[in-house]
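Summary of structural features
Read off the chains here:
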Amino acid sequence: MDIGNLWRRLSITQHILVLSLTPMLLLFLAIFSFLLSARLDDLADMQRERGDLLAKQLAVASEFAVLTGDRDQLRALLTRSAKGLVAGIRVWDRHGKLLAAIGHITSDSDADRFEAAIQITPIDVDDTLLSAPAARIPPPPIGRVEVFLSRDGIVSSRINAVSVSLIVGLS
């Protein structure tokens, strides 16, 4: 069917209706696409922030256990932390030796990986009243923490966001 013939068959009222609704439809699609894209980006940012925060918190919490080599304390910490979307956690020492792990992570796992260095927290013992503060050289990391967050939660959140957007947009 030819568009030109179809256009000629429409009445003047139908012409006006098509010409007035087309810009509104295009504007709706543009705004809908922009807002949906922004929402999906927010969900991805939330996943990154959650993973980074959990890795950093675990790095601080595991400092003493890594320093002393207390694997039981590390396993207990990892067990308490492996909730929700956490697919796995690994703790390594400075030589790359695996100290503790929870969860089954493989190279083809559908999970996002986050890492944080385990640092010794320096204690300030300088007397700044009597002398100038000494230059601080950060100590080398004593290990690292890897956190793997499942993408299942973000996928279901994306599906939910698209569904809600479609329902609101079409209503």
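What comes next concerns the included structure. The shown structure was predicted, so the numbers you read here are calculated from the model rather than taken from an experiment. Positions within a chain are numbered from 1, following the residues in the order the chain's sequence is written. Per-residue local features of the predicted model are confined to residues with pLDDT of at least 70, and side-chain atom pairs are confined, for both listing and counting, to 80 or more; whole-chain, interface and lining totals are unaffected and use all residues. Remark: hydrogens and water are excluded; side-chain values derive from all non-hydrogen atoms of the structure.

1. Side note on the sheet that holds strand S2 (residues 98-102)
Read across the open sheet, the four strands follow the order S2-S1-S4-S3; overall the sheet is antiparallel. Whereas interior strands pair on both sides, the edge strands pair on one side only; in this sheet they are S2 and strand S3 (111-118). Looking at each pair of strands side by side, their axes are set apart by 15 degrees on average, direction ignored. Strands qualify as paired when DSSP identifies two bridges or more between them. Put simply, DSSP H or I for four residues or longer makes a helix, DSSP E for two residues or longer makes a strand, and each gets a number counted from the N terminus. As paired elements, strand S1 (residues 86-93) and S2 share four bridges and run antiparallel to each other. Throughout, an axis means a line fitted to C-alpha atoms (over the contacting stretch in the case of helices), and angles, computed between N-to-C directions, take values from 0 to 180 degrees.

2. Points about the nonpolar core
The nonpolar side chains of a soluble globular protein tend to be buried, and buried together. By size, the foremost hydrophobic cluster in this structure holds 21 residues, and its most contacted members are Val91, Val145 and Val147. Those elements that provide at least two residues to this core are helix H2 (12-61), helix H3 (63-68), helix H4 (71-81), S1, S2, S3 and strand S4 (143-150). For this core, the element with the highest residue contribution is H2, accounting for four residues. Whether two residues touch is decided by their heavy atoms; if any such pair falls within 4.5 Å, the residues are in contact. Among residues more than four places away in sequence, those in contact with Val91 are Val66, Leu74, Leu78, Lys97, Leu98, Leu99, Ala100, Ile118, Arg144 and Val145. Nonpolar cores were defined as sets of buried Ala, Val, Leu, Ile, Met, Phe, Trp, Tyr and Cys residues, with membership established by side-chain atoms within 4.5 Å. Exposed residues in this analysis have more than 50% of their type's maximum accessible area, buried residues have under 20%, and partly exposed residues fall in between, with area computed by a 1.4 Å probe over protein chains only.

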